[in-house]
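Single-letter residue listing:
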Amino acid sequence: MGTFGSNCLYNIDHFKLYGAELEAAIRLGERFRATAAYVYQKYDVDKTGFEDNWTYYLPALLPKHKVKLLARYNVWPDGWLQLSSRYVGGRKAQKGGELDDYITVDVGFEQKFKFNRQEYMANFFCSNVTGTDYEEIPGYEMPKYVWAFQLGVKF
Amino acid sequence: MNWKSRDTKTRMLWMVVLLAIGIFTMWVGSDLCLAEEERKIKEEAKVIPIGTITVMAPQPGVEITTEKTIIRMDEFKKPGEVRTLTDVLTEIGGIDVMRFNPLMAGPGDEVSIRGLNEGRMVIEIDGRRINHTGHYGRYIVDWSTLNMDDIESIEIIRGGHSVLHPFAIAGVINIITKKGKKTDEVKPDVSVKAGYGKFDTYTLSASVNGGVANTVGYNFSASKQETDGYLRNNFQKTDSINGHLTFFLPNDATFTLGAKYSDVNYGFPVINDPSRADYDPDYPKYFADRDQLRHIDWPQYAENNPHWDKHTTYLDGMLQVPLGPGTIKVHGYFTGGRRWTSTYTAMGTFEKDLFVDDETKGIIIEYRDIDLFDNHRVTVGTEYQELGWPDENPIIYKVKSAYIQDVITLGDRWTVTPGFRYYHVDMDTYYSQFGAGWPTDGKEQEEDGFYPSLKVDFQATPDTALYAAVSRSYRLPCP
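The structure displayed is predicted, hence computed values, not measured ones.

## Some remarks on the sheet that holds strand β4 (residues 95-98) of chain B
Strand order in the open sheet formed by three strands is β4-β5-β6 (chain B), with antiparallel pairing between adjacent strands. Edge positions in the open sheet fall to β4 and β6 (116-117) of chain B, since each of these has one partner strand only.

## Section: empty space enclosed by the protein
Within this structure, the stated rule accounts for eleven cavities of 30 Å³ or more. For the largest cavity, the calculated volume is near 400 Å³. Lining the largest cavity are 25 residues, and of these Ser127(A), Val146(A), Arg99(B), Pro102(B) and Leu103(B) lie nearest its centre. Counting only elements with at least two residues in the lining of the largest cavity, the list comes to β7 (102-115), β8 (118-127) and β9 (146-154) of chain A. In terms of residue count, the dominant contributor to the lining of the largest cavity is β9(A) (three residues). Of the residues contributing to the lining of the largest cavity, the split by class is nine nonpolar, seven polar and nine charged. Lining of the second largest cavity is provided by 15 residues; of these, Lys66(A), Val88(A), Tyr102(A), Asp96(B) and Val97(B) occupy positions nearest its centre. Broken down by secondary-structure element, the contributors of at least two residues to the lining of the second largest cavity are β3 (65-76) and β4 (79-88) of chain A together with β4 of chain B. Here the lining of the second largest cavity takes four residues from β4(B), the largest share from any one element. Of the residues that constitute the lining of the second largest cavity, the class distribution is eight nonpolar, one polar and six charged.

## Some thoughts on the pairing of strand β3 (residues 69-72) of chain B
Residues and elements named next belong to chain B. Looking at chain direction, strand β2 (residues 62-64) and β3 are connected through three bridges and run antiparallel. What sits directly across from isoleucine 64, in β3, is threonine 69. Bridge count between β3 and strand β9 (residues 151-158): four bridges; the pairing is antiparallel. Directly across from threonine 69, in β9, lies its bridge partner isoleucine 156.

## Re the interface of chain B and chain A
On the side of chain A, 71 residues touch chain B, which itself brings 79 residues to the contact. Where chain B abuts chain A, roughly 6,600 Å² becomes buried across the two surfaces, and 57% of that area is made up of carbon and sulfur atoms. Close ionic contact of Lys77(B) with Glu110(A) constitutes a salt bridge, the shortest N to O distance being 3.4 Å. Remark: the boundary between chain B and chain A carries 25 residue pairs in polar contact (both at pLDDT 80 or more). Counting only elements with at least two residues in the side of chain B that touches chain A, the list comes to β1 (56-59), β4, β5 (110-113), β6, β11 (189-197), β20 (393-410), β21 (414-430) and β22 (441-461) of chain B. In terms of residue count, β11(B) provides more of the side of chain B that touches chain A than any other element does, nine residues in total. As defined by bridge partners, β9(A) adjoins β11(B) across seven bridges and the pair is classed as antiparallel. Bridge pairing links Gly152(A) to Lys193(B) in β11(B).

## Quick notes on the nonpolar core
Among soluble globular proteins, nonpolar side chains are generally buried collectively. Membership of the largest hydrophobic core comes to 33 residues, with the highest contact counts inside it found for Leu85(B), Leu89(B), Leu146(B), Ile154(B), Ile156(B) and Ile173(B). Only β2, α2 (85-89), β4, β5, β7 (122-125), β9 and β10 (171-177) of chain B provide two or more residues apiece to this core. Ignoring sequence-local partners within four residues, the contact set of Ile156(B) consists of Lys68(B), Thr69(B), Ile71(B), Leu89(B), Ile92(B), Ile95(B), Ile113(B), Val172(B) and Ile173(B). Residues Leu61(A), Leu62(A), Val264(B) and Tyr286(B) belong to the second largest nonpolar core, which totals 19 residues.

## Some remarks on the pattern of salt bridges
All names here are of chain B. A complete count under the given rule lists 31 salt bridges over all chains for this structure. Taking the shortest distance from any N to any O, the salt bridge between lysine 78 and glutamate 91 comes out at 3.4 Å. Taken together, the residues lysine 78 in the loop between β3 and α2 and glutamate 91 in the loop between α2 and β4 connect sequence positions 13 residues apart. Judged by relative accessible area, lysine 78 falls into the buried class, the value being 9%.

## With respect to the side chain of Ser153(B)
All names here are of chain B. Tracing the chain through its elements places serine 153 in strand β9. Its relative accessible area of 7% is what places serine 153 among the buried residues. Not counting the four nearest positions on each side in its chain, serine 153 is found in contact with Ile70, Ile71, Arg72, Met73, Asn174, Ile175 and Ile176.

## Comments concerning the pairing of β9(A)
Relative to β9(A), β8(A) runs antiparallel, the two sharing nine bridges. Bridge pairing links Ser127(A) to Val146(A) in β9(A).

## Looking at the side chain of Asn219(B)
All names here are of chain B. Of note, asparagine 219 is situated in strand β13 (residues 216-227). In this structure the side chain of asparagine 219 is engaged in a polar contact, spanning 3.1 Å, whose partner is the side chain of asparagine 209. With sequence-adjacent residues up to four places away left out, asparagine 219 is seen in contact with Asp150, Lys178, Lys179, Gly180, Val208, Asn209, Asn242, Gly243 and His244.

## As for the packing of aromatic side chains
A complete count under the given rule lists 24 aromatic pairs over all chains for this structure. Here the aromatic rings of Tyr344(B) and Phe350(B) are separated by 5.0 Å at their centres, their planes lie at 65 degrees, and the arrangement is edge-to-face. Judged by its relative accessible area of 26%, Phe350(B) is partly exposed. Over the ring of Trp80(A) we find Arg72(A); its NZ or CZ atom is 3.9 Å from the centre of that ring. When the ring centre of Tyr467(B) is taken as origin, the NZ or CZ atom of Lys455(B), which lies over that ring, is 5.1 Å away.

About the thresholds
- Counting of residues starts from 1 at the beginning of each chain's written sequence and follows it residue by residue.
- Labels are handed out in written order, letters beginning with A for the chains and numbers beginning with 1 for the ligands.
- Given that this is a predicted model, residues contribute local features only at a pLDDT of at least 70 and side-chain atom pairs are listed and counted only at 80 or more, while totals for whole chains, interfaces and linings are drawn from all residues.
- With hydrogens and water set aside, each side-chain value is computed from the structure's full complement of heavy atoms.
- Each pair of strands is called paired provided DSSP finds at least two bridges between the two strands.
- Every helix listed is a DSSP run of H or I at least four residues long, and every strand listed is a run of E at least two residues long, numbered separately from the N terminus.
- Cavity: a set of points on a 1 Å grid over the protein atoms alone where a 1.4 Å probe fits but cannot get out. Pocket: an open set with protein on both sides within 12 Å along at least five of seven lines, its lining residues, like those of a cavity, having an atom within 4 Å of a point.
- Grid points are joined across faces, edges and corners, and a volume is the space filled by probe spheres set on the points.
- We call Asp, Glu, Lys and Arg charged. Ala, Val, Leu, Ile, Met, Phe, Trp, Tyr, Cys and Pro are nonpolar, and the rest, Gly among them, are polar.
- Two residues form a contact once any of their heavy atoms are found within 4.5 Å.
- Once two parts are brought into contact, the accessible area they lose, counted with a 1.4 Å probe and summed over both, makes up the buried area.
- Salt bridge, as applied in this entry: a Lys or Arg side-chain nitrogen positioned within 4 Å of an Asp or Glu carboxyl oxygen.
- In protein, a polar contact means a hydrogen-donor-capable atom and an acceptor-capable atom, both N or O and within 3.5 Å, with residues adjacent in sequence counting only if both atoms are side-chain atoms; elsewhere, any N or O pair within 3.5 Å suffices.
- Nonpolar core, defined: a set of buried Ala, Val, Leu, Ile, Met, Phe, Trp, Tyr and Cys residues in which side-chain atoms within 4.5 Å join the residues together.
- Each residue is placed in one exposure class: buried if its accessible area under a 1.4 Å probe, protein chains only, is under 20% of its type's maximum, exposed if it is over 50%, and partly exposed if it falls in between.
- What counts as a ring pair is set by centres within 6.5 Å for rings of Phe, Tyr and Trp (its six-membered ring), and what kind of pair is set by the plane angle: stacked under 30 degrees, edge-to-face over 60, tilted for all other angles.
- Either the NZ atom of lysine or the CZ atom of arginine qualifies as a charge over a ring when it sits within 6 Å of the ring centre and within 35 degrees of the ring normal.

Spelled out as structure tokens, the structure:
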């Protein structure tokens, strides 16, 4: 059929990936709930003889250490403050070099209320609220202070 | 352009059929309601002991067991909108999501479980695989097409130990759709949402979920999303429409029809280099030496507005019938993707509306959850699947597989789950570029084999569960 092969280079029989995942549910009182996750992953590959200067191992582009935190705080009835934060460790780039580690923080506030037997929702949020310079894929700069709002109704 | 009109006609025809069946069933449903009431009176509660299961519920909408993580979309909350599958997956431990545009799920996003990506894990809708062959750009799963409008829950299985899911080395992400309710309440649940944000990003969505006379359930939804994007020319416009009908038949049997359709108009980010005459300081810098995990690896330029338009259709029909100690399931499915790509080639010339399509169809026949001898729960099944490129090579892979799994409960603490899956795969692919040179096409081969799995669970305390699993897995080769 003739098409484009990819540049990624790993076959499972030449590859070992090992790591650990730790997830925790945190509950403080009736108002605060959070999930925290830590992931460690590492890989080993054999030399296959097919390596070239444009090939790469996909797992090398993933962080060795990663922490995710997703939390909610019940400020008042049906009003929730939400926070999501990620720490992503240093990674290699497909075309050489390395990316620095980074931390991002997203925050949001959601309020629900009922009126005339209908349920309304208002949600305001801001991603990368700390203005971190980071890239998930090398070469693609990510935006800062990305705000948005959402309104909804259920009936 | 003929392909576009054919695609539109197919989509419209399917939605009209669904709506017509729904309206007809609402009409006759009231007569069947009485029979249903009689059946309910006769129905006896059947309780099967399954032992202790440790469930970690870290927050509303998320449950974690040794088997899987379940995310219930009506309860799941995070800062920001939950519009696409990747919006959810970014929050889940053990899953890596690499994006180049966080404003909207893009076709170039890369998702990995335990270090392995879509080429080595399974993405499913209602238990059937949606991974493409990945030809022409390695788009094995196009995350931009998986909107959350009609999603009830997401199941994530980490690791390759479940033989119930084909080609699962890294794990499984199974999207469970809303199929309507069994109810005699006339009024459906209606939801309408609208949002606006930075980079002129807006979303509109509406859904209706209900049932008629305890006989038919329905869920219809539609949404529209647009963003100018952050990088230059990286705009995206996504329209989607979904419909599901469930017919509640005698003896607890159900017949479900489902359709998901999306139209994604996506702009490729273009080089924005200050050394070039066409540099636009209003956008971030973007250079030719960036990584290209998914897009075809040559630079795109602002002139000519490089983009693609992609139409994706997922169709499903599923019959489930309780029979003896288990339940029979027959699930037929179809995935069709059609792309019109306008981009610069490796030679730097601009090619307009290059058409590439992909198509997957198959059937699963399964007898599941067969309760035997008080402590065995057996599932046995078979699946046939064809994956291809209708315009060039209609059947690239022909996959036949069969599987059996037994969940054996030993006392209060131990559960042992042996199983295996057998594959027979006919392939019409191409030779690797490594050393073979061009042309690379014409590689035909077949493979088969047994792939066993064993998982052992130990319930140490009511709050602590330990498990170990070992399995041999197989995957379809992909570009």
